[in-house]
Amino acid sequence: MKLKVGDIIPDFKAKDANGNDFDSQKIVGHKPLVIYFYPKDNTPGCTTEACSFRDQYEDFTALGAEVIGISSDSVSSHQQFSKQFKLPFILLSDNDNKIRKLFGVPSGLFGLLPGRVTYVTDKNGVIQMIFDSMRAAKHIPKALQAIMKLVS
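First things first, this report covers the structure right here in the doc. (Residues numbered from 1 in each chain as written. Predicted model: local features only at pLDDT ≥ 70, side-chain atom pairs only at ≥ 80, totals over all residues. Heavy atoms only, no water.)

A look at the overall build of the protein
- For the protein, the count of helices and strands is five helices and nine strands.
- In the protein, the order of α-helices and β-strands from amino to carboxyl end is β-β-β-α-α-β-α-β-α-β-β-β-β-α.
- Looking at the 152 residues of the protein, the share that counts as buried comes to 48%.
- Long-range pairs, those at least 24 residues apart, make up 65% of the contacts in the protein with a sequence separation of at least 6.
- A total accessible area of about 7700 Å² is found for the protein, and carbon and sulfur atoms account for 52% of it. (Helix = DSSP H or I, 4+ residues; strand = E, 2+ residues; numbered from the N terminus. Buried < 20%, exposed > 50% of the residue type's maximum accessible area, 1.4 Å probe, protein only. Contact = heavy atoms within 4.5 Å. Areas by Shrake-Rupley, 256 points an atom, 1.4 Å probe, with all protein chains shown as cover.)

Digging into helix H3 (residues 75-84)
- Of all the positions in H3, only Ser-77, His-78, Phe-81 and Ser-82 are classed as buried. Down the axis of H3, the buried side of the element spans an arc of 125°, and every buried residue falls inside it.
- Buried residues belonging to H3 abut helix H1 (44-55), strand E4 (66-71) and strand E5 (90-93). (Arc of directions from axis to C-beta.)

Topic: the nonpolar core
- Membership of the largest hydrophobic core comes to 25 residues, with the highest contact counts inside it found for Val-34, Tyr-36, Phe-53, Phe-60, Val-67, Phe-89 and Leu-91.
- Among the secondary structure elements, those contributing two or more residues to this core are strand E3 (33-37), H1, helix H2 (57-62), strand E9 (127-132) and helix H5 (139-151).
- Looking at which element gives the most residues to this core, the answer is H5, with five residues.
- Core analysis: the second largest hydrophobic core is formed by 18 residues, Ile-27, Leu-33, Ile-99 and Phe-103 among them. (Core = buried A, V, L, I, M, F, W, Y, C linked by side-chain atoms within 4.5 Å.)

A look at the side chain of Ser-71
- Looking at where Ser-71 falls in the secondary structure, it is placed in strand E4.
- One polar contact links Ser-71 to Asp-73, side chain to side chain, over a distance of 2.7 Å.
- With residues near it in sequence (within four places) discarded, Ser-71 still touches Tyr-38, Pro-39, Asp-41, His-78, Leu-92, Ser-93, Asp-94 and Arg-100. (Polar contact = N/O pair within 3.5 Å; in protein donor to acceptor, adjacent residues only side chain to side chain.)

Notes on the pattern of salt bridges
- The final tally for this structure, using the stated rule, is seven salt bridges.
- Linking Asp-21 and Lys-15 is a salt bridge whose minimum nitrogen-to-oxygen distance equals 2.7 Å. (Salt bridge = Lys/Arg side-chain N within 4 Å of Asp/Glu carboxyl O.)

Points about the packing of aromatic side chains
- Per the counting criterion, the structure on display carries 13 aromatic pairs.
- Centroid distance Phe-103 to Tyr-119: 5.0 Å. Interplanar angle 70°. Geometry classified as edge-to-face. Linking Phe-103 in helix H4 (residues 98-103) with Tyr-119 in strand E8 (residues 117-121), this pair joins segments that are 16 residues apart in sequence. Assigned by exposure class, Phe-103 and Tyr-119 land together as buried.
- Members of the aromatic cluster, each reached through a chain of ring pairs, are Tyr-36, Tyr-38, Phe-53, Tyr-57, Phe-60, Phe-81, Phe-85 and Phe-89. (Phe/Tyr/Trp six-rings, centres within 6.5 Å; stacked < 30°, edge-to-face > 60°.)

Some points on a positive patch on the surface
- A cluster of basic side chains, namely Arg-135, Lys-138, Lys-142 and Lys-149, defines a positive patch on the protein surface.
- Among the secondary structure elements, Lys-138 is positioned in the loop between E9 and H5.
- For Lys-138, a relative accessible area of 42% gives the class partly exposed. (Patch = residues over 30% accessible without salt bridge, like charges linked within 9 Å, V, L, I, M, F, W, Y side chains within 5 Å. Lys, Arg positive; Asp, Glu negative; His and termini not counted. Charge placed at Lys NZ, Arg CZ, Asp CG, Glu CD.)

Structural notes on the pairing of E3
- Burial analysis of E3 places five of its five residues in the buried class, the great majority of the element.
- Every second residue of E3 is oriented toward a common face, with Leu-33, Ile-35 and Phe-37 on one face and Val-34 and Tyr-36 on the other, all of them buried.
- Of the pairings in the sheet, the one linking E3 to E4 comprises five bridges and is parallel in character. Counted as the bridge partner of Val-34 is Val-67 from E4.
- The sheet contact formed by E3 and E8 spans five bridges and is antiparallel. Looking at E8, one finds that Phe-37 is bridged to Val-117. (Pairing = 2+ DSSP bridges.)

Right, dumping it as structure tokens:
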């Protein structure tokens, strides 16, 4: 299944960077979300993307949105990545790629890497924007623009 604009994000559960249980049902219905899937912690593009979301995190939260990063890295990898780069948002471990498959995130770079896709939902979990690009830095302005449209 590949999600598209207008679809409701599916319910999912995962462990966050602190090893805590995350349940999407506890956040959907309360605030808009920026859910971004990325290939791997501590790689140049993924670090650029995470740090850019970090640097603009207050812009997202000021508009009432939450940012969630998802990759197949382990909880301990996320914990180290989050600590090293002082990431204030939620990182989820999708080590079995169930969430990636649930969203239908395609592979990138000729199928060699997990894809880099950002989803923006309204507070009810309805997808308002999908941005699929391996160009990491482009995701943040696109997501912020979509969130701004939701609150205007």
